[in-house]
Amino acid sequence: MPLISVITPSYRPVREQLLEAYESVRSQELPRGWEVEWIIQEDGDTGAALEILPEDPVVRFATGRRGGVALTRNMALARARGDLVKNLDHDDVLTPGVLARDIEVLASDPLVQWTTSPVLDLLPDGSTVAFDSDPEPGRMEPGYVFEHWRTHGYRLPVHPTSICIRRPLAVALGGWMGVPGSDDTGLLVPASVVSYGYFHGEAGLLYRKWPGQETAAAGHYAPMEWSLRMRLIEERAETVRKLWPDVVGV
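Residues numbered from 1 in each chain as written. Predicted model: local features only at pLDDT ≥ 70, side-chain atom pairs only at ≥ 80, totals over all residues. Heavy atoms only, no water.

Enquirer: Which residues make up helix H5 (residues 144-151), and what values do they have?
Expert: Because an α-helix completes one turn every 3.6 residues, residues spaced three or four positions apart along the sequence face the same direction. Looking at H5, one finds that the buried residues are Val145, Phe146, His148 and Trp149. Relative to the axis of H5, the buried residues are bounded by an arc of 165° and lie together on one face. Packed against the buried residues of H5 are strand E6 (112-116), strand E9 (138-140), helix H7 (185-194) and helix H8 (223-243). Positive phi shows up at Gly153, right after H5, with a value of about 65°. (Buried < 20%, exposed > 50% of the residue type's maximum accessible area, 1.4 Å probe, protein only. Helix = DSSP H or I, 4+ residues; strand = E, 2+ residues; numbered from the N terminus. Arc of directions from axis to C-beta. Contact = heavy atoms within 4.5 Å.)

Structure, rendered in structure tokens:
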């Protein structure tokens, strides 16, 4: 049966948050004939996530050496068996129907190599806040995301953490980029240069805002490191475009 792999890096998960993520995966209704696996890769070897989650054949858990979120995502990618790979952080929540929408687009349009969705910020009081700058739903031309990103102060028009991508493209690009933060941008941006994407009209992810999230730490925005990350991601995308000029899927 065709399979979609949801991959989740985990480090010191909060019990309630991880269980919410689990329920959001387990409650997805998939198109006929499709199955889902949830690949949880722990950044370290404490087994914390395994102690929280119920026994479930959908959940595939493994530990590894401590190496940071990008390495952990890529180890999960190595274990994933699906032709489609969906990202989900351990403190975020998939919205109902998002996996079905991802599958329907990618299964029906061979030109499209990745999808993203509108993201709602999930605040500590349970309320949500939408972005006011989402693009129009539909197919996204190669190069659009990259050009927008580098001409708007390195701000993306879509949220990279909501990506669902065909496995061959993710592997060919080296998976999530080995940088200390923005590793999801480091995958989406070069993918957007060489392939068509698709932006859904319905929200696909609740992005939890809380003090413990990695992107809330001051170091994530340290000017020198941030500049180096952006410079390397831009160089990667430019180089991929030069060395790989043909659009994937054509």
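Enquirer: Pulling in residues and values, what's your account of the sheet that holds strand E12 (residues 205-208)?
Expert: Across the sheet, four strands lie side by side as E5-E12-E7-E8; this open sheet has mixed pairing. Single-partner strands in this sheet number two, and they are strand E5 (93-94) and strand E8 (128-130). The pairing of E5 with E12 spans two bridges and is classified as antiparallel. In the strand pairing of E12, Leu94 is matched with Leu205. (Pairing = 2+ DSSP bridges.)

Enquirer: Explain the packing of H5 against H8 residue by residue, including any values.
Expert: Between H5 and H8, the least distance of the axes is 12 Å, while the angle of their chain directions is 145°. Considering how the two elements wind past one another, H5 and H8 form a crossing that is left-handed. Here Phe146, Glu147, Trp149 and Arg150 of H5 lie close against H8, whose contacting residues are Met230, Ile233, Glu234, Ala237, Glu238 and Arg241. Classifying every residue of the contact of H5 with H8 by side-chain character gives five nonpolar, no polar and five charged. (Axes fitted to C-alpha atoms, helices over the stretch in contact; angles between N-to-C directions. Left-handed = near helix turned anticlockwise from the far one by under 90°. Nonpolar A, V, L, I, M, F, W, Y, C, P; charged D, E, K, R; others polar.)

Enquirer: Go over the packing of aromatic side chains, please, and point to the residues and values.
Expert: On inspection of all chains with the given rule, the structure shows four aromatic pairs. Taken together, the ring pairs in this structure connect Phe146, Trp149, Tyr154 and Trp226 into an aromatic cluster. The ring of Tyr11 is capped by Arg66, whose NZ or CZ atom sits 3.7 Å from the centre of that ring. The cationic tip of Arg139 hangs over the ring face of Tyr196; the distance from NZ or CZ to the ring centre is 5.3 Å. (Phe/Tyr/Trp six-rings, centres within 6.5 Å; stacked < 30°, edge-to-face > 60°. Lys NZ or Arg CZ within 6 Å of the ring centre and 35° of its normal.)

Enquirer: I'd love a proper account of the nonpolar core, names of residues and values included.
Expert: Grouped together as the largest cluster of nonpolar side chains are 32 residues, with contacts concentrated most on Ile7, Trp114, Ile165 and Leu169. Elements with a contribution of two residues or more to this core: helix H3 (69-79), H5, helix H6 (167-172), H7 and H8. If sequence neighbours within four positions are ignored, Leu169 has contacts with Gln113, Trp114, Ala191, Val194, Ser195, Trp244 and Val248. Counting 28 residues, the second largest nonpolar core, distinct from the first, contains Tyr22, Val58, Leu94 and Ile103. (Core = buried A, V, L, I, M, F, W, Y, C linked by side-chain atoms within 4.5 Å.)

Enquirer: I'd like to hear about the side chain of Asn87, residue by residue, with values.
Expert: Among the structural elements, Asn87 can be located in strand E4 (residues 84-87). A distance of 2.8 Å separates polar atoms of two side chains, one belonging to Asn87 and the other to Arg73. Polar contacts involving the side chain of Asn87 include one to the side chain of Thr161, which spans 3.0 Å. For Asn87, the residues in contact, after removing those within four places along its chain, are Ile7, Arg73, Thr161, Ile163 and Trp176. (Polar contact = N/O pair within 3.5 Å; in protein donor to acceptor, adjacent residues only side chain to side chain.)

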